[in-house]
Amino acid sequence: MDHNAKDKLDLTRLRARKGEKPRTKAGQVRQAWPDIKALVDAGHSRKYIWIWLNEIGIEIGYARLSHYTGQLRRRDQAAARAEKVSVSPHGVGDGRVPLASTEEPARAISSLPESVPTSDDPLANIREREDRRSGFQYNSEPDIKKLI
């Protein structure tokens, strides 16, 4: 019977620590993120949010707060995109990318910023940088009509 007691997890101590202040600044901002996001959505400036956070005991620099909130915002956007992609038009998540339907115009799909990769291509950023490269670019197969 003593063996069964060791097999069970007592998570009450972990749950009790949920309300404690995290040790790292990033953890403190992450814990307050839902409230920070609500303040931003309500129209408050980041400067005043920074002041209020320092008043309540999250002593953090403005630049660091901006960095952390930017990371959290991008994480939320990526999660929202992943959720949107994994849910098919019929409401069942099958992991496939849905095709453009008649209700959703194709221009809405292409309205994503170009800097956001739409696929899991690890070389997409390099290809994009190559396309925007300035200066002379050697073409081994020139178009004869464009030659002087």
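Rules behind the numbers
For every chain, the first residue of its written sequence is number 1, and the numbers climb from 1 along that sequence. Predicted model: local features are reported for residues with pLDDT of at least 70 only, side-chain atom pairs are reported and counted for 80 or more only, and whole-chain, interface and lining totals are derived from all residues. Computation of side-chain values: all heavy atoms of the structure, hydrogens and water removed. Only DSSP runs of H or I reaching four residues or more are called helices, and only runs of E reaching two or more are called strands; each is numbered from the N terminus. Throughout this description, buried means an accessible area under 20% of the type-specific maximum (1.4 Å probe, protein chains only), exposed means over 50%, and partly exposed covers the range between. The contact criterion used throughout is that any non-hydrogen atoms of two residues lie within 4.5 Å. In short, Shrake-Rupley with a 1.4 Å probe defines the accessible areas, and a residue's cover is counted only from the protein chains shown. The nonpolar core is taken to be a set of buried Ala, Val, Leu, Ile, Met, Phe, Trp, Tyr and Cys residues, with the residues joined through side-chain atoms within 4.5 Å. Paired rings are identified among Phe, Tyr and Trp, the last through its six-membered ring, by centres lying within 6.5 Å, and are further divided according to the angle between planes into stacked (under 30 degrees), edge-to-face (over 60) and tilted (the rest). Salt bridges are identified by distance alone: a Lys or Arg side-chain nitrogen within 4 Å of an Asp or Glu carboxyl oxygen. Only residues whose relative accessible area exceeds 30% and that form no salt bridge are eligible for patches; like-charged ones are grouped when within 9 Å, while nonpolar side chains (Val, Leu, Ile, Met, Phe, Trp, Tyr) are grouped when within 5 Å. Only the contacting stretch of a helix is used when fitting its axis, a line to C-alpha atoms as for every element, and angles between N-to-C directions run 0 to 180 degrees. Crossings are sorted by hand: turned counterclockwise from the far helix by less than a right angle, the near helix makes the crossing left-handed, and turned clockwise it makes it right-handed. Three categories are distinguished: nonpolar for Ala, Val, Leu, Ile, Met, Phe, Trp, Tyr, Cys and Pro, charged for Asp, Glu, Lys and Arg, and polar for the others, with Gly belonging to the last.

With that settled, the discussion passes to the overall build of the protein chain. Along the protein chain, the regular secondary structure elements total 7 helices and 0 strands. In the protein chain, the succession of α and β elements from N to C terminus is α-α-α-α-α-α-α. Out of the 148 residues in the protein chain, the part that is buried amounts to 11%. Partitioning the contacts of the protein chain with sequence separation of at least 6, the portion at a separation of at least 24 is 33%. For the protein chain, the exposed surface amounts to about 13200 Å²; the carbon and sulfur share of it is 54%.

Our next topic: the nonpolar core. Grouped together as the largest cluster of nonpolar side chains are 11 residues: Val-29, Ala-32, Trp-33, Ile-36, Ile-49, Leu-53, Ile-58, Ile-60, Leu-65, Tyr-68 and Leu-72. Here this core takes 4 residues from helix H3 (residues 25–41), the largest share from any one element. The contact partners of Tyr-68, leaving out residues within four places of it in the chain, are Lys-25, Ala-26, Val-29 and Ile-60.

Right, let's talk about the packing of aromatic side chains for a bit. Within this structure, the stated rule accounts for 2 aromatic pairs. Ring centres of Trp-50 and Tyr-62 lie 5.8 Å apart, and the angle between their planes is 85°; this geometry places the pair in the edge-to-face category. With a gap of 12 residues between them, Trp-50 in helix H4 (residues 46–55) and Tyr-62 in helix H5 (residues 62–86) connect regions that are remote in the sequence. What makes Trp-50 partly exposed here is its relative accessible area of 25%.

Glancing now at the pattern of salt bridges. Taken as a whole and judged by the stated rule, the model has 6 salt bridges. Measuring nitrogen to oxygen at the nearest pair gives 3.7 Å for the salt bridge that ties Arg-75 to Asp-76. Asp-76 gets classed as partly exposed once you look at its relative accessible area, which sits at 23%. Bridged by salt links that share partners, the residues Lys-37, Arg-75 and Asp-76 form one connected network.

For the rest of this paragraph, the subject is a nonpolar patch on the surface. A contiguous nonpolar patch, built from Leu-9, Leu-11 and Leu-14 and spanning about 340 Å² of accessible area, is present on the exposed surface. Residue position: Leu-14 is located in helix H2 (residues 12–16).

With that settled, consider the packing of H3 against H4. Here H3 crosses H4 at 145°, and the two axes come no closer than 10 Å. Between H3 and H4 lies a crossing whose hand is right-handed. Residues Ala-32, Ile-36, Leu-39 and Val-40 of H3 lie in contact with H4, whose contacting residues are Ile-49, Trp-52 and Leu-53. Classifying every residue of the contact of H3 with H4 gives 7 nonpolar, no polar and no charged.

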